[in-house]
Amino acid sequence: MDLNAGIASGELSAEEAAKAYLAVIEATEPKVAAFNEVHAERALERARRTDSRRRSGDDIGPLGGVPVAIKAVLCTQYGKTTCSSKMLANFRAPYTAAAVEKIEEAGAIVLGKTNMDEFAMGSSTENSGFGVTHNPWDLDRVPGGSSGGSAAAVAARQCVAALGSDTGGSIRQPAAFCGVVGLKPTYGRVSRYGLVAYGSSLDQVGPMTRDVTDCALVSRAISGHDPRDSTSLPAEAPDYLASINTPMDGLRVGLPREFYSDALDAEVNQAIHSAAGVFRDAGAEVLEVSLPYSRIDRDAGGNLSSYAVACYYIVAMAEASSNLARYDGVHYGHRTARDVDDIIELYSRSRAEGFGQEVKRRIMLGTYTLSAGYYDAYYNKALKVRRLIKGDFDQAFKVCDIILCPAAPTVAFRIGEKAGDPLTMYLADIYTISVNLAGLPGLSLPCGLSRAGLPIGMQLIGPALSEETVLRAGRMFEKASGVARLKPPMIQGMAAN
Amino acid sequence: MSDKRIDLDTVRHIGRLSRIELTDEEVRTFSGQLAAIIGYFGKLQELNTDNVEPMAHAVELSDVFGDDVPQPSLTPGQALANAPQRDGDFFKVPKVIGDS
Amino acid sequence: MSENTDTVKPVIGMEIHVELDTATKMFCRCRNSFGDPPNTNVCPVCIGMPGVLPVMNRTAVEHSIRVGLALNCRVAGFSKWDRKNYYYPDLPKNYQISQYDLPLSTDGYLDVHLEGGRIKRIGILRAHLEEDAGKNIHDNPAHTAVDLNRAGVPLLEIVSRPDMNTIEEVIAYAQAMHRLVRWLGVSRANMQMGHMRFEPNINLHVARAGRTYKTPIVEVKNLNSFRALRNTVAYEIDRQYQAWLADPEGCSIKKLGKQNRGYDDATERTVFQREKEEAHDYRYLPDPDLVPVVVSEDWQVRLAAGIGELPLARRHRFIESFGLTFKEADALTQDPATGDLLDQAINAGADAKRCVNLLLGRGAAVANERGCAIADIGLEAGQLVELVGMLVAGSINATAADKAFLKMLGTGRSPAEIASQEGLLAVTDSSTLEAWVDQALGDNPQAVSDVRAGGKKQQKALGFLTGQVMRISGGAAPPSEVQRLLKARLNL
């Protein structure tokens, strides 16, 4: 990473870098609103310490001096951990998330907490309890969600990299909407300790960066076994950076036939097929694969229909209804100020006041699907379908090395456009949710711009633990296509960072 | 599965189970929205899942243990730092009847 | 009332909750400790803060498997964790991590000993692990205070089949379980500390005129003493029968199902409890944060090997092989180490009865005083063997042996050495003995006459004289030898 190299060599100081990025934040935040909290003093303090270590000849780490942003869903012992929800507006965690500990251990300078859909529930960041973030490519459009703040911050060059979280596409879709790179690692690759849970069997923390190389670097920094997370994979992560530029001979790229329906925006469809062409021209074999249980249809009424979306939402909402039960106004978080007669009223009022509508909806749906008499029809059924969905990927990866598909069915939509119908919003996740259900790694990276100048994102999916392959393929695409480090018009005038 | 709307009593019941107080308007709005989404969930019934094992985890791990050795705890001050109401070193709630 | 030809059969099952004696909690490494100041053994995990994750306590799982093996259960090769969702202030996550459909152990039994030598087999349906809740404190009338020290402590829930039909069986089962968990070292089962809680399920099958009527099942939660358990069962049997008599058709399990009642210690009765709203919709789901427990054959075998002989089997063996009475055998099988001591001593050749007398006499007295097990009073098997040998040989009498016993505890010293040093050895030198006998005879002419006179007073006088010799000798004379000498002197 250039910045880290520059700081390590003394060419520029970490403090100067931090100041520069804080200045960008100050200049652009009125328009973008990517941050919930900026920790300027702490960042400068840590930057100064980095400089001092460098002067003593100490190793400043692979991310030494690199300014990063952290999604509000990750706990930190400094500042607040809010998940962009009124429910946790004043919560100060007594511990720091593993991924944040690791990124700081690697030397990164955390600038602040970024905006998100409340409790990671949403695909646009419009569900934030603290206001909407604007897509730097077009301020009237959403940055995607739920890691919209992190995506926008990277795109607007407010930081070099950011951490997001992905349960059904919450890193990959906003990365696509904002023209940046985002990776959801294999489930269990990055510790979930300190990641506020939404859908525990689906959640992962991942990096959002300007290019694939930076993504490899940050991934490596945050990955690895953590005994505090029972679902953490025992393996240490390989050095993704070491192999990132190695040519990939005989790469087989699969295109799932079920993904190309009229649900897909024509321009996105074309961009994906062009990307396939880029791989082909670079020597890869492109072939059709099949993911039957992830198919997207239209039903009799003409509505988009996807088993995988139904499966995902049943699982995620059921887990969420249980994960969010702890927010009750007793041990931490928002408590109603009104007089209450009993504990049930305390819970019910506090939660009604602290949660937004989408969160309430999902909790109630989750409660419904788990309630007496419905477990088999919904939740257990969904868990079975989940296995079938995973089975499809296992089959496909027998004949290809990576799968290429869209990261989202459209480019960034306008703020308010999908706010009316929750179901429509859920269906925006059709290309990302299967990957979480199967626990596989998925890389989202820009593959071009629409005619209107909005980023189009493609997705590379690999078998479990194949981040190295996926990242190398992504790098291969960057080099072959020249599509990398896209800059939104609004920052093109700014000094190079 | 019900189609157009989930009846209001059911919505209220779910609200109670979820410990979320709902206004009458919310009950009405949710009754439509939840019905549409639950109806959508019903699609899965079209799939044959006989002899398919449920997949509750995305990792195939087992027997992940911690050793029975004490680690430092929080002080009561730290534990209660975020408590909306406290009674000395206790969390404070309205009177609950009965006990567990 | 019409003439009572009813046959009333109580049908009782019981859930027993056992707090395991681990150093740390079930899913975090806070101390598992009773009586500490409030909220001093808590951490983000057991407070249920955002973003935290549970990590299983290996020792708790092993303890649970040991109990399952000791209860003759089938230990599950594959066992998983589930969330039991309900809202309560002492349950910070508002769900309890427990086990629903795949618990650690199933289908076992515990044999309990009843009056008259009868043994009853009580079926065990399952034993599963879960986490305990914190404590709600109701001291203040205006609000409830919550202490989470206990939240997350490992709890083993053992569920019996409804195989018990009398109060005696229920208490015997409870006591047998109490002894077993302490025997295995998995729980201290201190009732005052709430380490063991009972939840009996009681109903009646009433046979009248060829029909059997079943009353609704009543569950009484959280009884924390044997007394409360006994009172509850006794009261319920009577109450249910009276309630049934008043309405034989309506008071039925078919119509009313299951009910909860509470126990009121002040009145020693059970009381009606308001139905908790949605009390039974726990919305179980597999816990996504915990991976399953796979218990290999190897692991099971290793744990089984560490269990050894169980109390009932050992008690039976002590009776059959060593000729102990039931009471003696029972007293010596309250914990493994005490029986081990007896076994070692007998195996080394010591006389069983004398060992038992020492252990249950002075041994038990010291143990009671110190509040510990007999095995923990500082007595070594070798010392016991030696002392018993001395008693048999007559080189020490009972009183002196008692003194020697006390002196040897915790020192590892040979009793012979102690007896010699402390002058506790029985004097066997005939001239010394005869001199003492002469002295006693000389001092007590009346007694001598009484002996010589014969008749009713003779035995008593002889006993008196024996006692006098013992007194003069300072306890060093062997009583049987004294008696012989006295009889010889008095020409008996």
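Before going into details, it helps to say that this report is about the structure given with it. Please read these numbers as outputs of a predicted model, since none were measured by experiment. (Residues numbered from 1 in each chain as written. Chains lettered and ligands numbered in written order. Predicted model: local features only at pLDDT ≥ 70, side-chain atom pairs only at ≥ 80, totals over all residues. Heavy atoms only, no water.)

1. Things to note about the overall build of chain A
The secondary structure content of chain A amounts to 17 helices and 13 strands. In terms of C-alpha radius of gyration, chain A reaches 21 Å, essentially the compact-globule figure of 23 Å for 497 residues. Principal axes of the C-alpha set define a box for chain A whose edges measure 65 × 60 × 45 Å. Classification of the 497 residues of chain A by burial places 68% in the buried group. Restricting the contact set of chain A to residue pairs at least 6 apart, pairs at least 24 apart contribute 75%. Total accessible area on chain A stands at roughly 14700 Å², and carbon and sulfur atoms take up 47% of it. (Helix = DSSP H or I, 4+ residues; strand = E, 2+ residues; numbered from the N terminus. Rg over C-alpha atoms; globule rule 2.2 N^0.38 Å. Buried < 20%, exposed > 50% of the residue type's maximum accessible area, 1.4 Å probe, protein only. Contact = heavy atoms within 4.5 Å. Areas by Shrake-Rupley, 256 points an atom, 1.4 Å probe, with all protein chains shown as cover.)

2. Quick word on the overall build of chain B
Helix and strand counts for chain B come out as three helices and three strands. The secondary structure elements of chain B, listed N-terminal to C-terminal, are α-α-β-α-β-β. At 22 Å, chain B has a C-alpha radius of gyration far larger than the 13 Å of a compact globule built from 100 residues. Referenced to the eigenvectors of the C-alpha coordinate spread, the extents of chain B come out at roughly 50 × 45 × 25 Å. Contacts spanning at least 24 positions in sequence make up 32% of the contacts within chain B whose residues lie at least 6 apart. Carbon and sulfur atoms make up 47% of the accessible area of chain B, which amounts to about 5200 Å² in all. Taking the average place of the 10 positive charges on the side chains of chain B and the average place of its 17 negative ones, the gap between the two points comes to 12 Å. (Lys, Arg positive; Asp, Glu negative; His and termini not counted. Charge placed at Lys NZ, Arg CZ, Asp CG, Glu CD.)

3. Re a nonpolar patch on the surface
Residues and elements named next belong to chain C. The grouping of Phe 78, Leu 102 and Val 294 at the surface amounts to a nonpolar patch, some 220 Å² of accessible area in total. Within the secondary structure layout, Leu 102 lies in the loop between strand S6 (95–98) and strand S7 (105–113). In this structure Leu 102 comes out as partly exposed when scored by relative accessible area, which is 31%. (Patch = residues over 30% accessible without salt bridge, like charges linked within 9 Å, V, L, I, M, F, W, Y side chains within 5 Å. Salt bridge = Lys/Arg side-chain N within 4 Å of Asp/Glu carboxyl O.)

4. Details of the packing of aromatic side chains
Under the defined criterion, the tally for this structure stands at 26 aromatic pairs over all chains. Seen in terms of ring centroids, Phe259(A) and Tyr431(A) are 5.1 Å apart; in terms of plane orientation they differ by 65 degrees. Their pairing is edge-to-face. You can see Phe259(A) sitting in the loop between strand S7 (252–256) and helix H9 (266–281) and its partner Tyr431(A) sitting in the loop between helix H14 (422–426) and helix H15 (433–438), a full 172 residues away along the chain. When its relative accessible area of 1% is taken as the criterion, Phe259(A) is described as buried. Ring geometry for Tyr282(C) versus Tyr284(C): centroids 6.0 Å apart, planes at 70 degrees, classification edge-to-face. An aromatic cluster is present here, built from Phe91(A), Phe119(A), Tyr327(A), Tyr332(A) and Phe355(A) joined pairwise through their rings. Taking NZ or CZ as reference, Lys84(C) lies 4.5 Å from the ring centre of Tyr282(C), over its face. (Phe/Tyr/Trp six-rings, centres within 6.5 Å; stacked < 30°, edge-to-face > 60°. Lys NZ or Arg CZ within 6 Å of the ring centre and 35° of its normal.)

5. Digging into the interface of chain B and chain A
The partner chain A presents 69 residues to the 49 residues of chain B that form the contact. Summed over both partners, the interface of chain B with chain A comes to about 5300 Å²; 70% of that surface belongs to carbon and sulfur atoms. Remark: the boundary between chain B and chain A carries two salt bridges. Lys360(A) is the salt-bridge partner of Glu26(B), the closest N and O atoms lying 3.2 Å from each other. In this structure, the connection of chain B to chain A is made through 19 residue pairs in polar contact (both at pLDDT 80 or more). (Buried area = accessible area lost by both parts, 1.4 Å probe. Polar contact = N/O pair within 3.5 Å; in protein donor to acceptor, adjacent residues only side chain to side chain.)

6. Let's talk about the interface of chain A and chain C
Counting from both sides, the interface comprises 40 residues of chain A and, opposite them, 30 residues of chain C. Of all residues in chain A, Ser230(A), Arg326(A) and His331(A) bury the most surface against chain C, accounting for 23% of the area lost on that side. With its nearest N and O atoms 3.0 Å apart, the salt bridge here joins Asp289(C) to Arg192(A). For the pair chain A and chain C, the number of links is 16 residue pairs in polar contact (both at pLDDT 80 or more). Where the side of chain A that touches chain C is concerned, the elements lending two or more residues are helix H10 (307–323), helix H11 (343–354), helix H12 (357–370) and helix H13 (376–396) of chain A. Looking at the side of chain A that touches chain C, its residues break down into 23 nonpolar, ten polar and seven charged. (Nonpolar A, V, L, I, M, F, W, Y, C, P; charged D, E, K, R; others polar.)

7. Concerning the sheet that holds strand S3 (residues 90–94) of chain B
Whenever strands of a sheet pair, they do so through backbone hydrogen bonds, lying parallel or antiparallel. Taken in spatial order, the four strands of this open sheet run S2(B)-S3(B)-S10(C)-S9(C), and their pairing is antiparallel. Each edge of the open sheet is held by one strand with a lone partner, namely strand S2 (86–87) of chain B together with strand S9 (135–137) of chain C. In the sheet, S3(B) pairs with strand S10 (residues 143–147) of chain C via four bridges, with the strands oriented antiparallel. Each residue of the ladder has a partner; that of Pro94(B), found in S10(C), is His143(C). (Pairing = 2+ DSSP bridges.)

8. Focus: the sheet that holds strand S3 (residues 109–114) of chain A
Residues and elements named next belong to chain A. Strand order across the open sheet formed by eleven strands is S1-S3-S2-S4-S6-S5-S12-S13-S11-S7-S8, with mixed pairing between neighbours. Strand pairing shows two members of the sheet lacking a second neighbour, strand S1 (35–38) and strand S8 (285–289), which therefore form its edges. The average undirected angle you get between the axes of adjacent strands in this sheet is 30 degrees. Pairing between strand S5 (residues 181–184) and strand S12 (residues 442–449): three bridges, direction antiparallel. From the neighbouring strand, Gly 182 faces S12, where its bridge partner is Ser 444. Strands S7, S8, strand S11 (402–406), S12 and strand S13 (455–461) of the sheet are contacted by H9, whose axis makes an angle of about 55 degrees with S13. (Axes fitted to C-alpha atoms, helices over the stretch in contact; angles between N-to-C directions.)

9. Quick word on the pattern of salt bridges
This model, assessed by the stated rule, comprises 65 salt bridges over all chains. Between Arg189(A) and Glu467(A) there is a salt bridge, with its nearest N and O atoms 3.1 Å apart. With Arg189(A) in the loop between S5 and strand S6 (204–209) and Glu467(A) in helix H16 (residues 467–481), this pair connects stretches of sequence that are 278 residues apart. Each member of the pair Arg189(A) and Glu467(A) is classed as buried. Among the salt bridges present, the one from Arg261(C) reaches Glu236(C), with a minimum N-O distance of 3.2 Å.

10. Side note on unusual backbone geometry
All names here are of chain A. Between Gly 145 and the following residue, Ser 146, the backbone shows a cis peptide bond with an omega angle of 10 degrees. Following the sequence through the fold, Ser 146 ends up in the loop between S3 and helix H5 (148–155). Even without a glycine there, the phi angle at Arg 157 is positive, about 60 degrees. Tracing the backbone shows Arg 157 in the loop between H5 and strand S4 (161–166).

11. Digging into the pairing of strand S12 (residues 196–208) of chain C
Residue and element names in this part refer to chain C. The buried fraction of S12 is high, at ten of 13 residues. Here strand S1 (residues 7–19) runs beside S12; their pairing, made up of twelve bridges, is antiparallel. For Val 18, the partnering residue across the bridge sits in S12 and is Met 196. In the sheet, S12 pairs with strand S14 (residues 217–220) via two bridges, with the strands oriented antiparallel. Looking at S14, one finds that Ile 202 is bridged to Val 218. Taken together, the four bridges between S12 and strand S13 (residues 211–214) define a ladder with antiparallel strand orientation. When the sheet's bridge partners are listed, Ala 207 is paired in S13 with Thr 212.

12. Observations concerning the nonpolar core
Judged by nonpolar contacts, the single largest core of 215 residues is most densely connected at Phe119(A), Leu163(A), Phe279(A), Leu404(A), Met458(A), Leu460(A) and Phe41(B). Of all the elements, H10(A) adds the most residues to this core, at 13 residues. Ranked by size, the runner-up nonpolar core spans 69 residues in total, among them Ile97(C), Ala228(C), Ile237(C) and Leu290(C). (Core = buried A, V, L, I, M, F, W, Y, C linked by side-chain atoms within 4.5 Å.)

13. A few points about the pairing of S5(A)
Residues and elements named next belong to chain A. Along S5, one buried face is formed by Val 181 and Leu 183 and the opposite face, lined by Gly 182 and Lys 184, is buried too. Here S5 runs beside S6; their pairing, made up of two bridges, is antiparallel. If you follow Gly 182 over to S6, its bridge partner there is Met 208.

14. What to know about helix H6 (residues 297–305) of chain C
The α-helix winds at 3.6 residues per turn, so residues separated by three or four positions along the chain end up facing the same way. Among all positions of H6(C), only Trp299(C), Gln300(C) and Leu303(C) are buried. For H6(C), the buried positions fall inside an angular range of 100 degrees around the axis, keeping them on one side. Seen from the buried face of H6(C), the exposed residues on the opposite side, beyond 90 degrees, are Glu297(C), Asp298(C), Val301(C), Arg302(C) and Ala305(C). For H6(C), the elements touching its buried residues are strand S1 (65–66) of chain B together with helix H2 (58–70), strand S3 (74–75) and strand S18 (293–294) of chain C. (Arc of directions from axis to C-beta.)

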